[in-house]
Amino acid sequence: MIRTLLAASLLASAAPAFAAAPAPLKDAATAIVDARAGELANMIDQVFSFAEPGFQEVRTSAYLTGILEKNGFTVTRGVAGIPTAFTATWGEGGPMIALGSDIDGLLGLSQTPGVPGAKPLVAGAPGHGEGHNSGMPMMIVAAIAAKQVMEKNGIKGRIMLWPGVAEELVATKAYYVRAGMFKDVDANLFAHVGDDFNVTWGPLAHTASLSVEYTFTGLTAHAAGSPWDGKSALDAVELMNDGWNMKREHLPPTQRSHYVITGGGNQPNIVPDKASVWYYFRDTQLPAVKAMYDAGNRIAAGAAMMTETSVTRRVLGHAATNYGNRPIAEAAFANMQAVGLPKWSAADQNFAHAVLAGFGRTVQPLATGAPKLWSPENPNPVRNSGSDDIGDIMWTVPTITINYPSNIPGISYHNIMAAAAMATPIAHKGAVAGAKVTAMTVLDLMTTPELVAGAKAWQQEVQFKNEKYAPLLGPDDQPAIHLNADIMAKLRPQMEKYYFDSKKYRSYLEQLGIDYGTAGATK
């Protein structure tokens, strides 16, 4: 009864429900972040230069864990059976607060930073066309700041850092949950790059999703001499796609589904005995995704029957719906208001202008308005039907996503234009602001037991009231750590030539010979 009343009061209140950490502690944390701003910028630039896609974040993981160990964190590598995943922990007693952000890049999005037009560093190579190079460096500096304040003031508590590996494949966080990585965590702060400060409590617009590859097996034959002896796996793939596209007409408008053929045979005069197709099934609720998956399986079985082939399937990724915790979101929002947006220079604004103009986008300035607190009563007007596997953690432990201002408004993500600013002062300044907000929120959670208790009660009584977490992973499903290995084996030697050398250069732009002050001068 007490918990129910507490949850009801949380729903009724528009202001932060609990007291915050003392201002002197927060001031000390922000001063530490400011003192480490140069180190943070170097980390952002270094990870940008590695530009590693999902499951191949080898250099990125080694680099970040090395920094954490040097700063007193105990690192466990290869968690949940994923070579590039890790946890880094520090502290004793008190609550356990987790901090995470994604680290993977995107295929084919290599881009020279500080250039307001298309200019790949390595043609065809991956790049940070989402901005994931900034989040984990930001969280590391925030964690160090909170740790130092806690040490100096005798505050008990534990911090755990973790990376989002292969988020662009929605391929790991459900496995983190299954492996029990968050069983001792009291609250989790996640961060994602954006173009302003905002945080959401309640349902987020992201869809739940399931990523599945279907592989058909048939029989080879000479495609001209004796095609009747063959059983074409490629025919099965094409029939499955035709069947799914017919089915799509009868699905609700909340769904999204798409596929690529990942293998279609070796050469035209051999009937293909192996062919594969990779599907994403998405909808606003996991049960609806499960219904799509069931339909896809039936269509695949029908295609196999029609072609006298066999079919197997492998789950490659999973993402639950996203749901932000209200008490923690309100605490973080108060800290966003206190920190405010970065002070953009004329060079920053000019560069943002040039990027937008150079890519044919509507020109608008870098964000200067107030932070946003989105909620069911005040929903974000920008809808995003994409998926983010932070949802699996949000249904496991009270969690929020802190969106921080390290990129340019009006760009298109998963595009090279989203990489242009991600190793420039825009990215650096936004991450400094984000690190301050994160460190302050960690201190709120460490020093205010009522905030942690209220976050847990709100999750139980409000978030879990109408929906439960029922992941679609099977007992035999395993992380798809093979993905992108062949690509990186081919491209890494060329990419290594462009790795940032922070011992020799003050910034990645300096190493590349780019004058940021004039990069956006032509409008």
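Residues numbered from 1 in each chain as written. Predicted model: local features only at pLDDT ≥ 70, side-chain atom pairs only at ≥ 80, totals over all residues. Heavy atoms only, no water.

**Thoughts on the overall build of the chain**
For step 1, the next point in the chain: A tally of helices and strands in the chain yields 16 helices and 14 strands.
For step 2, the next point in the chain: On C-alpha atoms alone, the chain measures out to a radius of gyration of 24 Å, which is about the 24 Å that the 2.2 N^0.38 rule sets for 523 residues.
For step 3, the next point in the chain: Here the chain has roughly 20600 Å² of accessible surface; of this, 55% comes from carbon and sulfur atoms.
For step 4, the next point in the chain: Across the chain, the mean location of the 41 positive side-chain charges is 3 Å away from that of the 45 negative side-chain charges. (Helix = DSSP H or I, 4+ residues; strand = E, 2+ residues; numbered from the N terminus. Rg over C-alpha atoms; globule rule 2.2 N^0.38 Å. Areas by Shrake-Rupley, 256 points an atom, 1.4 Å probe, with all protein chains shown as cover. Lys, Arg positive; Asp, Glu negative; His and termini not counted. Charge placed at Lys NZ, Arg CZ, Asp CG, Glu CD.)

**A short note on the packing of aromatic side chains**
For step 1, the next point in the chain: Using the criterion set out here, one finds 18 aromatic pairs in the structure.
For step 2, the next point in the chain: Judged by centre distance (6.0 Å) and plane angle (85 degrees), the ring pair of Trp 162 and Tyr 176 falls under edge-to-face. Of the two residues, Trp 162 is situated in strand 4 (residues 157-164) and Tyr 176 in helix 6 (residues 173-178); the sequence distance between them amounts to 14 residues. Of the two residues, Trp 162 and Tyr 176, neither departs from the other in class, the shared state being buried.
For step 3, the next point in the chain: Summarising the aromatic geometry, the rings of Trp 244 and Tyr 279 are spaced 6.1 Å apart at their centres and angled 80 degrees between planes, so their arrangement reads as edge-to-face. Note that Trp 244 is positioned in helix 7 (residues 233-248) and Tyr 279 in strand 10 (residues 274-283), a separation of 35 residues in sequence. We note that Trp 244, like Tyr 279, is buried. (Phe/Tyr/Trp six-rings, centres within 6.5 Å; stacked < 30°, edge-to-face > 60°. Buried < 20%, exposed > 50% of the residue type's maximum accessible area, 1.4 Å probe, protein only.)

**Some words on the side chain of Gln 111**
For step 1, the next point in the chain: For Gln 111, the position within the fold is in the loop between strand 3 (96-102) and helix 5 (135-153).
For step 2, the next point in the chain: A polar side-chain atom of Gln 111 sits 3.5 Å from the main-chain carbonyl oxygen of Val 115.
For step 3, the next point in the chain: A distance of 2.9 Å separates a polar atom in the side chain of Gln 111 from the backbone nitrogen of Lys 119.
For step 4, the next point in the chain: Not counting residues within four places of it along the chain, the set of residues in contact with Gln 111 comprises Phe 48, Gly 117, Ala 118, Lys 119, Pro 120, Leu 121, Ile 416, Ala 419 and Ala 420. (Polar contact = N/O pair within 3.5 Å; in protein donor to acceptor, adjacent residues only side chain to side chain. Contact = heavy atoms within 4.5 Å.)

**A short note on helix 3 (residues 37-50)**
For step 1, the next point in the chain: The end-to-end C-alpha distance of helix 3, which contains 14 residues, comes to 20 Å, matching closely the 20 Å that a straight helix rising 1.5 Å per residue would cover.
For step 2, the next point in the chain: Taken as a whole, helix 3 has its buried residues at Leu 40, Ala 41, Met 43, Ile 44, Asp 45, Gln 46, Val 47, Phe 48, Ser 49 and Phe 50.
For step 3, the next point in the chain: Backbone geometry just downstream of helix 3 places Ala 51 in the positive-phi region, at approximately 50 degrees. (Expected span 1.5 Å × (residues − 1).)

**Section: the packing of helix 9 (residues 326-339) against helix 13 (residues 449-463)**
For step 1, the next point in the chain: Between helix 9 and helix 13, the shortest axis-to-axis distance is 7 Å and the interhelical angle comes to 135 degrees. As far as their axial angle goes, helix 13 and helix 9 are oblique. Contacts between helix 9 and helix 13 involve Arg 326, Pro 327, Ile 328 and Ala 331 on the former and, on the latter, Leu 451, Gly 454, Ala 455 and Trp 458.
For step 2, the next point in the chain: When grouped by side-chain class, the residues that make up the contact of helix 9 with helix 13 number six nonpolar, one polar and one charged. (Axes fitted to C-alpha atoms, helices over the stretch in contact; angles between N-to-C directions. Parallel < 35°, antiparallel > 145°, perpendicular 65-115°, else oblique. Nonpolar A, V, L, I, M, F, W, Y, C, P; charged D, E, K, R; others polar.)

**Thoughts on the nonpolar core**
For step 1, the next point in the chain: Of all hydrophobic cores here, the largest spans 139 residues; its most connected members are Ile 159, Leu 161, Trp 162, Phe 182, Tyr 214 and Phe 216.
For step 2, the next point in the chain: Here this core gets twelve residues from one element, more than from any other, and that element is helix 5.
For step 3, the next point in the chain: Beyond its immediate sequence surroundings of up to four residues, Ile 159 is in contact with Phe 73, Ala 88, Thr 89, Trp 90, Met 96, Ile 97, Leu 99, Ala 143, Ala 146, Lys 147, Met 150 and Met 446.
For step 4, the next point in the chain: Listed in part, the 22 residues of the second largest apolar core include Leu 109, Ala 418, Ile 514 and Ala 519. (Core = buried A, V, L, I, M, F, W, Y, C linked by side-chain atoms within 4.5 Å.)

**Let's talk about the confidence of the model for the chain**
For step 1, the next point in the chain: Here the chain averages 94 in pLDDT, while 96% of its residues score no lower than 70.
For step 2, the next point in the chain: In the predicted structure, residues 1-16 sits below a pLDDT of 50 and forms 25 contacts with residues beyond four places in sequence or in another chain. (pLDDT = per-residue confidence, 0-100.)

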